[in-house]
Amino acid sequence: MRTEDLAKAFLAIVEEAQHLQSFHLPEEAQTRVKTIISIAKHQNDIRQSSQGSCTAKH
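Residues numbered from 1 in each chain as written. Predicted model: local features only at pLDDT ≥ 70, side-chain atom pairs only at ≥ 80, totals over all residues. Heavy atoms only, no water.

Moving on: the overall build of the protein. For the protein, the helix and strand inventory stands at two helices and zero strands. By the burial criterion, 16% of the 58 residues in the protein qualify as buried. Accessible area of the protein: about 4900 Å², with a carbon and sulfur share of 55%. (Helix = DSSP H or I, 4+ residues; strand = E, 2+ residues; numbered from the N terminus. Buried < 20%, exposed > 50% of the residue type's maximum accessible area, 1.4 Å probe, protein only. Areas by Shrake-Rupley, 256 points an atom, 1.4 Å probe, with all protein chains shown as cover.)

Below, the structure is given as structure tokens:
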């Protein structure tokens, strides 16, 4: 899959998970939804960043 397609897929996951937050879910489920949103946002950010922009040290 192309990087752009992956970024769009992760964005769709974020949108769907945020939609789930409007439902009255048990606290454990809400926590899991927040985790999904966090991971998907992070992955989307990585996919959309320019190559070589990461300054993390190995």
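Before going further, it helps to spend a moment on the side chain of Q30. If you trace the backbone, Q30 turns up in helix α2 (residues 27-48). Residue classification places Q30 among the buried positions, given a relative accessible area of 17%. Not counting residues within four places of it along the chain, the set of residues in contact with Q30 comprises L20, Q21, F23 and L25. (Contact = heavy atoms within 4.5 Å.)

Moving on, we come to the pattern of salt bridges. Applying the stated rule across the entire model yields four salt bridges. We note a salt bridge from E4 to K8, for which the minimum N-O separation is 3.4 Å. Of this pair, E4 and K8 both sit in helix α1 (residues 3-20), four residues apart, which is roughly one turn of that helix. Owing to a relative accessible area of 45%, E4 belongs among the partly exposed residues under this scheme. The salt bridge partner of R32 is E28, with a shortest N-O separation of 2.7 Å. Of the two residues, R32 and E28 are both situated in helix α2; the distance of four residues between them amounts to about one turn of the helix. Given the relative accessible area of 53%, R32 is considered exposed. Three or more residues joined by partner-sharing salt bridges are found here, namely R2, E4, D5 and K8. (Salt bridge = Lys/Arg side-chain N within 4 Å of Asp/Glu carboxyl O.)

Helix length check: α1 (18 residues) gives 26 Å between terminal C-alpha atoms against 26 Å at 1.5 Å per residue, within 8%. Those residues of α1 not exposed but buried are A7, F10, V14 and A17. Buried residues of α1, viewed axially, fall in a sector of 90°; they line one side. Facing away from the buried side of α1, by more than 90 degrees, are the exposed residues K8 and E16. Residues of α1 that are buried sit in contact with α2. (Expected span 1.5 Å × (residues − 1). Arc of directions from axis to C-beta.)

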